Amino acid sequence: MGEQPVLVSACLLGFKCKYNGGHNAVPDLIKMHAEGRAVPVCPEQLGGLPTPRPPAEIQGGEGRDVLSGRARVKDREGKDVTEAFIRGAMETLKLAQKINARVAILKEKSPSCGSTQIYDGTFTGQLQPGAGVTAALLTGHGLKVYSEKTYPALKRGE
């Protein structure tokens, strides 16, 4: 993984920033953080959303569609939280640029961080192919985005 810093979803590092106040700790990634190679980031908190918060899903598309104005992010209570998700993605991109990160390891299935799968917007647990808002923005700016499932490929240099 070299010496370049890697952005990592803070929930994967054990930070309790998940929508329900929990985390998704991955021991390997926590070790990487302890070694100073992982920089924690929670786009939803950076966007101004509280923890805990109602779960949110993208409706009408995926992350790229949200960024282009063709889809919205709504929470389970029906509140439109699109602007907070876009703001969080932009702040995450600024951080990536500031620390010269070229790689991010983000939480799969998240409406912010999912890299290949997100929930379909119906709050029924159904998944669809696509990226979250932050993952789409980072990818669009040349970062390589992995998930907690695919990051071992990063170690192998893929």
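On a predicted model such as this, the values are computed, not experimentally measured, just so you know. (Residues numbered from 1 in each chain as written. Predicted model: local features only at pLDDT ≥ 70, side-chain atom pairs only at ≥ 80, totals over all residues. Heavy atoms only, no water.)

Caption draft 1: Quick peek at the sheet that holds strand 8 (residues 144–147). With respect to topology, 4 strands assemble into an open sheet ordered 2-1-5-8, the strand pairing being parallel. The open sheet has two free edges, formed respectively by strand 2 (38–41) and strand 8, since each of these has just one partner strand. Looking at each pair of strands side by side, their axes are set apart by 25° on average, direction ignored. Its contacts with the sheet put helix 4 (residues 82–98) on strand 1 (6–9) and strand 2, and the angle it makes with strand 2 is roughly 160°. (Pairing = 2+ DSSP bridges. Helix = DSSP H or I, 4+ residues; strand = E, 2+ residues; numbered from the N terminus. Axes fitted to C-alpha atoms, helices over the stretch in contact; angles between N-to-C directions. Contact = heavy atoms within 4.5 Å.)

Caption draft 2: Seen up close, the environment of P111. Mapped onto the fold, P111 is located in the loop between strand 5 (103–106) and strand 6 (117–119). With 12 residues separating them in the primary sequence, P111 and I99 have C-alpha atoms 24 Å apart. Setting aside chain neighbours within four positions, we find P111 in contact with E44, A56, E57, I58, F85, G132 and V133.

Caption draft 3: Structural context of the pattern of salt bridges. In total, this model carries 9 salt bridges according to the counting rule given. R37 serves as the salt-bridge partner of E35, at 2.5 Å between the closest nitrogen and oxygen. For E35, a relative accessible area of 42% puts it in the partly exposed group. Classification of R37 by relative accessible area gives partly exposed; the value is 21%. Close ionic contact of E44 with R53 constitutes a salt bridge, the shortest N to O distance being 2.9 Å. Across this residue pair, the class does not change: E44 and R53 are buried. What emerges from the salt-bridge pattern is a single network uniting K31, E35 and R37. (Salt bridge = Lys/Arg side-chain N within 4 Å of Asp/Glu carboxyl O. Buried < 20%, exposed > 50% of the residue type's maximum accessible area, 1.4 Å probe, protein only.)

In short, shape yes, function no, at least from these values alone.
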